[in-house]
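The primary structure of each chain is shown beneath.
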There are 2 protein chains.
Amino acid sequence: MKADPRGTGSRTPGTATGGKTVPTVPPAPTADRRTTVDVTALLERGRTLATPVLRAAVDRLAPPMDTVAAYHFGWIDAQGNPADGDGGKAVRPALAVLSAEVTGAAPEVGVPGAVAVELVHNFSLLHDDLMDGDEQRRHRDTVWKVHGPAQAILVGDALFALANEVLLELGTVEAGRATRRLTKASRSLIDGQAQDISYEHRDRVSVEECLEMEGNKTGALLACASSIGAVLGGADERTADTLEKYGYHLGLAFQAVDDLLGIWGDPDATGKQTWSDLRQRKKSLPVVAALAAGGAASERLGEILTADAKASDFANFSEEEFAARAALIEEAGGREWTADEARRQHTIAIEALDAVDMPDRVRDRFTALADFVVVRKR
Amino acid sequence: MKADPRGTGSRTPGTATGGKTVPTVPPAPTADRRTTVDVTALLERGRTLATPVLRAAVDRLAPPMDTVAAYHFGWIDAQGNPADGDGGKAVRPALAVLSAEVTGAAPEVGVPGAVAVELVHNFSLLHDDLMDGDEQRRHRDTVWKVHGPAQAILVGDALFALANEVLLELGTVEAGRATRRLTKASRSLIDGQAQDISYEHRDRVSVEECLEMEGNKTGALLACASSIGAVLGGADERTADTLEKYGYHLGLAFQAVDDLLGIWGDPDATGKQTWSDLRQRKKSLPVVAALAAGGAASERLGEILTADAKASDFANFSEEEFAARAALIEEAGGREWTADEARRQHTIAIEALDAVDMPDRVRDRFTALADFVVVRKR
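This is a predicted model, so every value here is computed, not measured.

Draft legend 1. Quick look at the packing of helix H13 (residues 285-293) of chain B against helix H14 (residues 296-310) of chain B. All names here are of chain B. Orientation of H13 relative to H14, taken along the N-to-C sense of each, is 120 degrees, at an axis distance of 7 Å. The orientation of H13 with respect to H14, classified from their angle, is oblique. H13 and H14 meet at a crossing whose hand is left-handed. Across from Val287, Ala290, Leu291, Ala292 and Ala293 in H13, the residues of H14 making contact are Ser298, Leu301, Gly302 and Leu305. Residue composition of the contact of H13 with H14, grouped by class: seven nonpolar, two polar and no charged.

Draft legend 2. Expanded view of the side chain of A:Glu101. Residues and elements named next belong to chain A. Note that Glu101 resides in the loop between helix H4 (91-100) and helix H5 (111-132). For Glu101, a relative accessible area of 7% translates into the label buried. At a separation of 2.8 Å, a polar atom in the side chain of Glu101 contacts the side chain of Arg45. Among the polar contacts listed, one links the side chain of Glu101 to the side chain of Arg361, at a separation of 3.2 Å. With residues up to four places along the chain from it excluded, the contact list for Glu101 reads Arg45, Pro107, Pro359, Arg361, Val362 and Arg365.

Draft legend 3. Representation of the relation of the copies chain A and chain B in the model. Each copy of the sequence occupies a distinct position, and chain A is placed on chain B by a rotation of 180 degrees and an axial shift of 0.0 Å, giving an RMSD of 0.0 Å. Taken together, the turn and the small shift mark the pair as related by a two-fold rotation axis. Within chain A, A:Gly176 has its C-alpha nearest the rotation axis, a separation of 2.6 Å. Most of the interface of chain A is mirrored in chain B, where 100% of its interface residues are also at the interface.

Draft legend 4. Representation of the confidence of the model for chain A. Averaged over all residues, the pLDDT of chain A is 90; the fraction at 70 or higher stands at 90%. Note that pLDDT drops below 50 for residues 7-30 of chain A; the model gives that stretch 36 contacts with residues more than four away or on any other chain.

Draft legend 5. Region of interest: the interface of chain A and chain B. Each partner contributes to the interface: chain A provides 31 residues, whereas chain B provides 31 residues. With both sides pooled, the region where chain A packs onto chain B buries about 2,800 Å², and carbon together with sulfur makes up 73% of that total. Three residues, A:Leu154, A:Leu168 and A:Arg187, lead the burial of chain A against chain B; their summed loss comes to 21% of the area buried on that side. Across the salt bridge formed by A:Arg187 and B:Glu165, the nearest N and O atoms sit 2.8 Å from each other. At the surface where chain A touches chain B, the tally comes to four residue pairs in polar contact (both at pLDDT 80 or more). Contributing elements (two or more residues each) for the side of chain A that touches chain B: H5, helix H7 (149-168) and helix H8 (173-200) of chain A.

Draft legend 6. Representation of unusual backbone geometry. A cis amide bond links A:Pro63 to the next residue, A:Pro64, at an omega of 0 degrees. A positive phi is found at A:Trp275, a non-glycine position, where the angle reads about 50 degrees. Examined against the element boundaries, A:Trp275 turns out to sit in the loop between helix H11 (267-270) and helix H12 (276-279). Here A:Trp275 falls in the buried class, since its relative accessible area comes to 18%. Of note in the backbone geometry, B:Arg281 takes a positive phi value of approximately 55 degrees without being a glycine. One can find B:Arg281 in the loop between helix H12 (276-279) and H13.

Draft legend 7. Seen up close, the environment of B:Ala323. Considering the arrangement of structural elements, one finds B:Ala323 in helix H15 (residues 319-331). When the C-alpha atoms of B:Ala323 and B:Ala152 are compared, they prove to be 35 Å apart, with 171 residues separating the residues in sequence.

Draft legend 8. Spotlight on the packing of aromatic side chains. A full pass over the atoms with the stated rule returns 13 aromatic pairs over all chains. Measuring from ring centre to ring centre gives 6.0 Å for B:Phe317 and B:Phe322, while their planes differ by 50 degrees; the resulting arrangement is tilted. By relative accessible area, which is 11% here, B:Phe317 ends up buried. Ring pairs connect the aromatic residues A:Phe123, A:Phe160, B:Phe123 and B:Phe160, which therefore count as one cluster. The ring of B:Tyr71 is capped by B:Arg140, whose NZ or CZ atom sits 4.1 Å from the centre of that ring. Between B:Arg281 and the ring centre of B:Phe314, over which it is positioned, the NZ or CZ distance is 3.9 Å.

Draft legend 9. Structural detail: the pattern of salt bridges. All names here are of chain A. This structure, assessed with the given rule, holds 52 salt bridges over all chains. With a closest N to O distance of 3.2 Å, Glu101 and Arg361 form a salt bridge. Taken together, the positions of Glu101 in the loop between H4 and H5 and Arg361 in helix H17 (residues 360-375) put the pair 260 residues apart, joining distant regions of the chain. Here Arg361 falls in the partly exposed class, since its relative accessible area comes to 45%. Between Arg202 and Glu209 there is a salt bridge, and its shortest N-O distance comes to 2.6 Å.

Draft legend 10. Main features of empty space enclosed by the protein. Residues and elements named next belong to chain B. A full pass over the atoms with the stated rule returns three cavities of 30 Å³ or more. Looking at the largest cavity, its volume works out to about 90 Å³. Along its surface, the largest cavity is lined by Tyr71, His72, Leu126, Asp129, Arg137, Arg138, Arg140, Asp141, Thr142, Val143 and Trp144. Counting only elements with at least two residues in the lining of the largest cavity, the list comes to helix H3 (65-73), helix H5 (111-132), strand S2 (140-141) and helix H6 (143-147). Split by residue class, the lining of the largest cavity holds four nonpolar, two polar and five charged. When its volume is computed, the second largest cavity comes out at roughly 70 Å³.

Draft legend 11. Here's a closer look at the packing of helix H9 (residues 207-232) of chain A against helix H13 (residues 285-293) of chain A. All names here are of chain A. For the pair H9 and H13, the least separation of the axes is 9 Å and the interaxial angle reads 165 degrees. The angle between H9 and H13 places the two elements in the roughly antiparallel class. Relative to H13, H9 is oriented so that their crossing is left-handed. Residues Val207, Cys210, Leu211 and Glu214 of H9 pack against Leu285, Val288, Ala289 and Ala292 of H13. Its residues assigned to classes, the contact of H9 with H13 comprises seven nonpolar, no polar and one charged.

Draft legend 12. The side chain of A:Asp259, seen in detail. Note that A:Asp259 resides in helix H10 (residues 237-264). Setting aside chain neighbours within four positions, we find A:Asp259 in contact with A:Glu214, A:Asp277, A:Ser284, A:Leu285 and A:Pro286.

Quick notes on the rules
- Residues numbered from 1 in each chain as written.
- Chains lettered and ligands numbered in written order.
- Predicted model: local features only at pLDDT ≥ 70, side-chain atom pairs only at ≥ 80, totals over all residues.
- Heavy atoms only, no water.
- Axes fitted to C-alpha atoms, helices over the stretch in contact; angles between N-to-C directions.
- Helix = DSSP H or I, 4+ residues; strand = E, 2+ residues; numbered from the N terminus.
- Parallel < 35°, antiparallel > 145°, perpendicular 65-115°, else oblique.
- Left-handed = near helix turned anticlockwise from the far one by under 90°.
- Contact = heavy atoms within 4.5 Å.
- Nonpolar A, V, L, I, M, F, W, Y, C, P; charged D, E, K, R; others polar.
- Buried < 20%, exposed > 50% of the residue type's maximum accessible area, 1.4 Å probe, protein only.
- Polar contact = N/O pair within 3.5 Å; in protein donor to acceptor, adjacent residues only side chain to side chain.
- Least-squares fit on C-alpha atoms with pLDDT ≥ 70 in both.
- pLDDT = per-residue confidence, 0-100.
- Buried area = accessible area lost by both parts, 1.4 Å probe.
- Salt bridge = Lys/Arg side-chain N within 4 Å of Asp/Glu carboxyl O.
- Phe/Tyr/Trp six-rings, centres within 6.5 Å; stacked < 30°, edge-to-face > 60°.
- Lys NZ or Arg CZ within 6 Å of the ring centre and 35° of its normal.
- 1 Å grid on protein atoms, 1.4 Å probe; cavity = no way out; pocket = protein on both sides within 12 Å on 5 of 7 lines; lining within 4 Å.
- Points joined across faces, edges and corners; volume = space filled by probe spheres on them.

And the structure:
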């Protein structure tokens with residue numbers, strides 16, 4: 001049986017996320033141009049432009065906060081020695097500098113926006129890891145494990161303040177508008193974390209609730225990243241709103257792919273354990289979609305997960321036990337539904353670009369970044 | 001022997017806080033006019049203007065954060081029933097709305113600034129109480145005790161974001177300038193908390209370090225409160241800087257008085273335990289000044305406090321034991337030095353007002369608020 005977790009015949013009008021007919025592959029018109037964009041170079045450009053400014057901003061923090069933050073970013077190890085940390089995929093900085101080009105401005109115009117978005121993202125990681133009790137991030141002990149809870153709170157606060165400072169010291173009207181959008185995104189991040197915490201204590205979470213939470217936790221900041229350079233370049237509010245729409249749906253596609261990788265990802269590529277999200281009992285999209293789908297596999301999954309929540313030996317479960325749960329999720333249609341959802345959100349993101357006047361070269365790059373997000377393996 | 005904790009002959013040039021000759025009472029010229037200002041009415045005006053806007057802002061938070069915040073502000077009790085909490089002295093809102101009048105604007109113009117400053121102040125209380133492990137605030141259990149650490153972190157973050165939102169949604173150039181100043185003050189608050197935490201682990205803290213920490217924790221936000229209404233009213237940068245100077249030194253005077261009340265305050269008036277700061281082993285101004293003063297009482301105090309830091313039965317110390325420590329602090333000159341310091345900072349604050357062109361009526365009110373801060377009993 002195929003999953004229809006929204007329970008209204010998915011893709012019909014009136015559902016929370018729209019209701020368009022969705023192709024299973026990205027639409028044709030832009031496909032020919034895609035191969036010409038070097039996504040690796042695009043990501044590298046964002047990283048290269050943003051990192052020195054980010055490091056200079058973090059260097060402003062008073063000791064010991066500067067050191068704690070440098071550890072968090074992977075620039076030093078726990079002993080204070082220089083490290084060459086995994087800086088992540090750097091999709092956000094790439095989007096921020098690219099969005100400046102929408103207005104005809106140089107990519108550099110988007111750099112304070114890229115830095116501010118990275119600071120807010122990392123503020124939320126520092127606080128979320130502490131709230132969630134997560135001990136590992138990017139293959140290293142989290143800040144609260146190494147430097148204690150107080151430093152995790154304090155340095156998170158400092159990065160949040162610094163984000164606004166980096167923008168507002170530009171002293172322009174555009175900077176004020178950009179900060180306002182960043183503040184809105186920050187509040188969404190916080191709302192999403194509040195939902196995440198409250199869902200942990202519940203047996204069942206609906207697909208709509210899961211999508212809303214993921215929209216807050218991932219969509220809002222990618223929305224801001226996709227528009228902030230344009231705002232700094234002087235784009236009008238409508239253009240910025242439309243770029244936010246692109247980024248928001250790109251974020252939902254990104255998160256759907258993340259949720260797939262969290263269960264079926266190749267550990268060698270993701271750097272995470274096998275069945276990572278299942279081990280953490282995460283109510284991610286494939287799980288909630290499978291539970292909402294109905295049918296024998298869905299019901300069996302529900303019974304098993306309810307029992308798991310009380311199982312005292314959960315930590316000792318074998319590979320086979322997690323594999324069996326993953327198989328049930330797939331049988332109930334959760335995997336396929338989530339892959340469809342990623343493609344659907346990807347399409348909405350790309351179609352949003354049609355409403356913005358921008359150079360073809362810039363549009364192709366936005367499209368290529370969206371493609372990258374859905375095909376990535378890590 | 002009199003305390004000379006700066007060790008350079010106090011009040012000489014080149015010390016951290018200036019080096020003026022200081023009268024032991026406020027200067028004469030404004031004294032005649034002071035009696036005409038009704039400080040209670042002035043505080044009430046700030047509270048009356050700011051509270052409804054503050055409550056409306058907090059109401060925007062998603063559940064359960066709205067409830068947690070309402071508990072923190074004293075609007076509801078732990079069971080969710082309406083409460084008539086102690087809203088504090090409300091010096092900051094009074095200053096913010098008053099500062100709008102410097103520019104000839106109505107006090108209402110300062111209201112978003114007053115609300116933003118209150119939100120930042122309460123963000124810092126929520127996080128500091130958790131970091132410091134403080135279980136009581138305003139005679140009630142702190143948020144982390146009642147709602148758990150995650151909610152204290154999350155709601156603190158939300159109030160911080162909301163502060164910027166309340167200002168930036170005004171959408172004016174002035175709002176951008178005000179937010180930039182608020183962000184600067186927020187970073188100082190965070191720096192001050194970082195210093196406070198690091199000093200806890202040290203045997204000795206110098207008077208300069210203590211003043212710097214108190215300037216960050218108390219001075220910076222009172223500085224922002226004293227200028228933010230003026231900024232929103234269109235004041236130029238020089239005027240705003242000068243009003244910040246008034247507020248910064250008023251904050252140091254405020255904290256010096258707080259430090260005196262923390263040891264010698266009347267429990268019936270302060271609502272705190274006797275010898276409150278001594279019970280918490282706080283390295284407040286009277287303590288660090290007494291330790292820095294030299295002489296027999298100072299040395300004896302140092303020995304006793306060093307022993308106290310290791311004493312396993314410290315929690316069971318008697319009234320008499322704390323009284324003896326307070327007497328030694330006084331004998332070493334720590335009490336007198338701190339009272340002098342409060343007067344000195346009060347004078348600097350009032351003199352700063354001379355550099356700003358404003359209606360006499362407004363100047364008198366700033367002066368009256370400064371007087372209130374140093375004579376208060378709670």
